[in-house]
Amino acid sequence: MRLLPGTPRALGLAAALATTALAGAAAPQPVTRTARAPQAEESSGAPAAAEPGASPLRGSLGVPVAERLLASSDPEARLRGIERLASIGTEAAIDALLAALEQGAPAARDPKARLAAVRALAPHAPRDSVRQLLSRELAEGGAPARSAASPLGELLRGTAALALARSGDKRALAALVNAIVQGGAAGEAAARALKAYPPASLQLLLGNRKRLEPALVAFLGELGDLRALAALRPMLEGGDRAAQVAAARALARLGDEAALAKARAWLRKPEPGLLEASAEVLVHLGAPEAPDAVAALLGSELARLEGLRLAELAPAERLVPALARALPLLPEDARPRAVAAIGRAGGAEAARQLRRLSIERPELATAAAFALATAPGAEARAAVAEMIDGPRAAKDADLRRLGLRAGVVRGLALRDAPEALEGRLLAALAAPRGSSDRAVAAFGAVALGLREAREVVGECSPASCDRAAVHAAARGALARGERALAALAPLFAELAAPGGGGAPDAAAISAGVALLAAPRGGAVATSRLAALAEAGGPLAPLAARALAARDDEVIRGRLKRLLEGSDPVVRAHVALGLGSDPMPDSVSLLARAYRFEDDAAVRRAIVRGLSRRAEVQRRRVLEAARDLDPDEGVRALARAALSGVDRRALDAPSALATGVVWVAIVPNDRSAAASASSRPARLVRPDGLAVPVVADPDGVLLVPGVPPGVSSVLLAPAAPPGDAGS
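Residues numbered from 1 in each chain as written. Predicted model: local features only at pLDDT ≥ 70, side-chain atom pairs only at ≥ 80, totals over all residues. Heavy atoms only, no water.

(A) Structural context of the overall build of the chain. Across its full length, the chain carries 42 helices and five strands. With an accessible surface of roughly 32,900 Å², the chain has 54% of that area assigned to carbon and sulfur atoms. (Helix = DSSP H or I, 4+ residues; strand = E, 2+ residues; numbered from the N terminus. Areas by Shrake-Rupley, 256 points an atom, 1.4 Å probe, with all protein chains shown as cover.)

Structure representation (structure tokens):
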């Protein structure tokens with residue numbers, strides 16, 4: 001009989017909990033009415049537990065509990081308090097959250113709490129008090145007094161900027177414009193946010209300004225909104241010279257020829273600043289005078305680097321002589337850029353200059369060969385052919401290998417290899433085992449489909465193997481697709497088996513490209529994958545991905561440690577593997593990892609992993625990533641996942657993955673030349689996947705099958721002299 005009175009109370013509590021959950025779902029609305037009764041109770045002055053045996057919902061689940069959590073010394077408790085206030089979403093809850101972020105409060109000193117609070121407050125950005133806090137985070141997100149020591153500083157700043165821009169509120173947009181005008185990191189974050197969420201009306205940006213500052217004018221040009229033309233055109237005639245220059249550049253970026261006459265007039269003035277501005281305007285508008293203006297910049301000591309930038313932006317055969325003259329006068333780190341610009345300019349003179357550089361300037365030979373390999377036209381193809389089969393090639397083995405590599409790259413990138421290439425490659429396969437000549441031939445023969453990788457490698461075991469051929473053939477297989485990579489799986493499984501010291505054989509590192517085609521690790525034992533993932537090195541990322549795809553209760557602890565480790569590339573691959581994890585609660589691991597991940601590449605991997613999951617918990621994280629992640633790539637991936645794009649399409653091999661990375665490892669000290677030979681490394685492709693590779697004996701890496709974008713290469717530490725592992 002005593003159970004009957006208790007039942008209604010239990011049901012009432014369940015109903016109240018459901019009401020609270022619904023109120024949390026309505027958090028994006030800045031004002032709700034669910035807090036009226038609690039406010040009346042609070043005004044009565046009665047304590048939360050005034051009546052014996054009673055437990056008012058607000059006292060046990062509402063704002064006071066969240067406030068106590070926020071005042072805690074436990075960071076996780078503070079985060080729970082922020083999440084609780086965000087789910088309540090009432091004015092009282094938002095006020096409590098703002099109060100907890102006042103200067104000196106525990107949450108205000110905690111970058112993670114501040115980031116969580118900014119995300120929670122984003123739907124309420126039109127409120128004056130919220131907008132002021134977001135503006136403060138935009139201005140001070142990385143300031144020494146607050147979070148300069150925290151890697152979350154830029155993430156916090158970018159999230160605050162996006163929250164302001166997304167609101168569309170006039171005063172929030174004014175705060176972003178002020179940041180752009182002031183410049184610095186806050187201005188850059190504000191500009192990115194406004195590009196992500198362009199305003200409905202440009203008047204919201206311009207306000208009542210009588211004069212547009214140059215920084216704001218430049219941003220209008222980058223924004224690409226043609227509605228800005230009406231505000232920019234009058235600036236060409238009025239105002240000071242700085243305003244005219246800024247307006248002309250912005251108009252040119254928008255494709256408006258109103259700036260053309262002004263740029264042509266400035267060409268006749270000797271002022272360096274005007275010459276740079278006029279050249280940029282002419283380049284953006286495709287004017288016929290543009291190459292001559294850029295050539296003039298290349299001849300100017302003060303404007304030479306700007307001339308190089310514009311030459312890269314608008315290649316032209318007429319620029320080749322000016323680039324060649326400027327080459328020795330440029331800073332050393334800018335010279336490879338000039339060589340590449342000569343190659344993109346094309347033509348007979350460009351081919352002649354590049355061939356000369358490949359012979360006479362050893363420090364630029366790789367850059368020149370790559371430029372010839374990727375330059376269209378018969379002249380460039382003939383120059384590569386002469387490097388392979390010309391009179392000098394017969395006497396100079398280094399030049400001949402350079403030409404063979406250039407020919408292979410040309411065949412892969414342009415499908416325009418010299419006729420002599422195939423025969424020379426097959427002949428070089430007969431070179432001595434372990435030699436650079438045979439390694440170049442092995443790479444070319446496999447990459448161009450002349451031979452299969454296992455055919456080139458032959459018999460191979462940890463005890464006896466032509467490791468140089470394995471390194472080269474494995475990299476060549478990257479150009480042939482998943483079937484060629486999968487054919488290396490048995491070799492990798494054999495070579496990756498633990499030896500006496502447990503470290504992977506160098507040939508196993510190369511054969512590890514087979515893991516690209518076997519995301520779950522193929523026949524490699526789980527214990528071995530775990531050891532490889534935890535040991536670091538070139539194989540660790542792909543091993544970590546495979547290990548995560550085999551997640552179970554036994555290895556969950558190891559995965560958590562890898563997901564929280566110091567190597568962002570390994571963290572990213574664990575996230576990718578968790579996307580295929582059979583354990584349904586892995587979605588919680590991904591959601592938790594996303595919260596405070598400061599590396600954008602890792603956040604992209606987390607979103608990719610979540611996009612493969614079907615659990616409902618993924619949606620909240622994907623929506624937050626879509627709306628408030630400062631990285632454009634993360635937002636795009638989250639949008640695709642939420643829009644119903646087939647999850648398999650996000651991971652399908654790109655048809656554009658035809659790029660080739662060419663790296664020459666050059667030691668800083670000549671006495672360390674041996675450290676470049678057969679050096680292991682990992683190449684992180686633009687899509688985030690890490691490819692284990694090993695250089696040829698002469699220290700050269702050619703890695704095909706790379707999608708467009710920026711890649712990075714990390715060399716494995718060189719072994720000490722005499723170390724058996726070397």
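Don't stop here, the text continues.
(B) How the structure looks around the pattern of salt bridges. Considering all chains together, one arrives at 53 salt bridges under this definition. Residue Glu 280 is joined to Arg 249 by a salt bridge in which the shortest nitrogen-to-oxygen separation is 2.8 Å. In this pair, Glu 280 sits in helix H17 (residues 272-284) while Arg 249 sits in helix H15 (residues 241-253), placing the two residues 31 residues apart along the sequence. Among the residues examined, Glu 280 registers a relative accessible area of 5% and is labelled buried. For Arg 249, a relative accessible area of 25% gives the class partly exposed. Among the ionic pairs, Arg 253 bridges to Glu 280, the shortest N-O distance being 3.8 Å. Within this pair, whereas Arg 253 is found in helix H15, its partner Glu 280 is found in helix H17, the two being separated by 27 residues in sequence. (Salt bridge = Lys/Arg side-chain N within 4 Å of Asp/Glu carboxyl O. Buried < 20%, exposed > 50% of the residue type's maximum accessible area, 1.4 Å probe, protein only.)

(C) Expanded view of the sheet that holds strand E3 (residues 690-694). Spatial ordering of the open sheet is given by E3-E2-E5, a layout of three strands whose pairing is antiparallel. For this open sheet the edge positions go to E3 and strand E5 (712-715), each flanked by a neighbour on one side alone. The sheet shows a mean angle of 25° between the axes of neighbouring strands, taken without regard to direction. The pairing of strand E2 (residues 680-684) with E5 spans four bridges and is antiparallel. In the sheet register, Arg 682 faces E5, and the bridge partner there is Leu 714. (Pairing = 2+ DSSP bridges. Axes fitted to C-alpha atoms, helices over the stretch in contact; angles between N-to-C directions.)

(D) Molecular detail of the environment of Ala 378. Here Ala 378 is to be found in helix H24 (residues 378-389). You can call Ala 378 partly exposed: its relative accessible area is 43%. Distance in space between the C-alpha atoms of Ala 378 and Asp 416 is 9.2 Å, their sequence separation being 38 residues.

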